[in-house]
Amino acid sequence: MLPLRTGIKPPDGISLYMPAYLKEMGALACKVVTVYKDNPAKYNLPTTIGKVLLQDINTGDVICIMDGGYLTAVRTGAASGVATKYLAREDKNQVAGIFGAGVQAKMQLWAVATARDIGKAIVYDISDEAMSKFISEMSSKLNIGIVKAKSAEEVLQADIICTASSSASPLFDGKLVKDGTHINGIGSHSPGARELDTEIIKRSLFIGDSREACFSEAGDIMIPLKEGAIKEYHFYAELGEIITGKKKGRVNKAAITLFKSNGLAIQDVATAKIVFEKAVAKGIGTKVEI
Ligand SMILES: NC(=O)c1ccc[n+]([C@@H]2O[C@H](COP(=O)([O-])OP(=O)(O)OC[C@H]3O[C@@H](n4cnc5c(N)ncnc54)[C@H](O)[C@@H]3O)[C@@H](O)[C@H]2O)c1
């Protein structure tokens, strides 16, 4: 069961409440996650902070409280990795282009480099410091060359692009994206915000993590729809429909494929259950009475 998440908008950020129940895994949990863009500069805290409350499915009692920040980044990366596996061209020595050089961006590059043969990566962020940190951490971790882009346009030479910024407005001109590109759009997830412009949405085969989430939360598709630039049927498939073979993914080398990720509670709950079981097996964690 996956109800749509509930959001509250305090003055400086957004707070999201994301419950789910996975019957087959026996997993029940709720993640509380906040996105506060100014946290890094103002408080030296991450933009995205989360905690997961994992529950006993028999009693409903909360059995574990765990950090949800790293977990969020990992599961968001994993979803883009799966999308890349099913939708990107399969050529060798591809170029990855990353918008944003923050927490999510690192996992995005890691996932793309796991799914495809990546020879080089290009990163673009409005913060030069963030780009330098990204390059020093990720080039040694993944053993690939990563260069800074001087402009957003420079990233568009990439074969696989991830948009993982905190920007609420389009990052690049969609007309300039080359044929055959695959894009993972993970950053924005509210109706009034978008990283992708109308042009790139129109040019792409649009795949979302969830149809319902895309039409309730993703400005990337909701804004072009409101403008009348696309119709609802432009939403081609959920990623699950591609994975299970209900719908075809990439149809030819020239197609631009686009995976829009809003982030789903089922991803958090499944991950949290695995983390909990592994921690218990290894004796990791602290028992507390509340
Ligand atoms: N789809 C999902 O499941 C999911 C999960 C977690 C976070 N997010 C979203 O991902 C985004 C990034 O989160 P984060 O935790 O990595 O934040 P972060 O603050 O660590 O990184 C964001 C980076 O984007 C950069 N940026 C802002 N505007 C830019 C622009 N115009 N061009 C290039 N770079 C720009 C910032 O300088 C910053 O370095 C947020 O919008 C967050 O809501 C989505």
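Residues numbered from 1 in each chain as written. Predicted model: local features only at pLDDT ≥ 70, side-chain atom pairs only at ≥ 80, totals over all residues.

### Let's talk about helix H2 (residues 69-87)
- With 19 residues, H2 extends 27 Å between its outermost C-alpha atoms, agreeing within 8% with the 27 Å of an ideal straight helix rising 1.5 Å per residue.
- Of the positions making up H2, those classed as buried are Leu 71, Thr 72, Ala 73, Arg 75, Thr 76, Gly 77, Ala 79, Ser 80, Gly 81, Ala 83, Thr 84 and Leu 87. (Helix = DSSP H or I, 4+ residues; strand = E, 2+ residues; numbered from the N terminus. Expected span 1.5 Å × (residues − 1). Buried ≥ 20, exposed ≤ 12 C-beta atoms within 10 Å, placed from the backbone.)

### Section: the domain arrangement of the protein
- Along its sequence, the protein is organised into domain 1 (6-71 + 266-282) and domain 2 (78-264).
- A straight line from the C-alpha centre of domain 1 to that of domain 2 covers 24 Å.
- On the side of domain 2, seven residues touch domain 1, which itself brings seven residues to the contact.
- Residue composition of the side of domain 1 that touches domain 2, by class: three nonpolar, three polar and one charged. (Domains from an automatic or database assignment. Contact = placed C-beta atoms within 7 Å. Nonpolar A, V, L, I, M, F, W, Y, C, P; charged D, E, K, R; others polar.)

### With respect to the sheet that holds strand S1 (residues 6-8)
- Spatially, the five strands line up as an open sheet ordered S1-S2-S3-S4-S5, and their pairing is antiparallel. The sheet is open, and its two edges are formed by S1 and strand S5 (62-67), each paired on a single side. The mean inter-strand angle of the sheet, taken between neighbouring strand axes irrespective of direction, is 15°.
- Here strand S4 (residues 48-55) runs beside S5; their pairing, made up of five bridges, is antiparallel. The partner of Gln 55 across the bridge, within S5, is Val 62.
- Contacts from H2 reach strand S3 (27-35), S4 and S5 within the one sheet, and its direction differs from that of S4 by about 95°. (Pairing = 2+ DSSP bridges. Axes fitted to C-alpha atoms, helices over the stretch in contact; angles between N-to-C directions.)

### So, the sheet that holds strand S11 (residues 204-208)
- One open sheet accounts for eight strands, arranged S8-S7-S6-S9-S10-S13-S11-S12; its pairing is parallel. Of all the strands in the sheet, the pair left with one neighbour each is strand S8 (145-148) and strand S12 (235-238). Neighbour to neighbour, the strand axes of the sheet diverge by 20° on average, direction disregarded.
- Looking at chain direction, strand S7 (residues 118-124) and S8 are connected through four bridges and run parallel. Opposite Ile 122, over in S8, you have Val 147 as the bridge partner.
- Packed onto the sheet, H2 meets strand S9 (160-163), strand S10 (182-185), S11 and strand S13 (256-260) and runs at close to 160° relative to S10.
- The sheet contacts of helix H3 (residues 103-115) involve strand S6 (94-99), S7, S9 and S10, and relative to S6 the element is tilted by about 165°.

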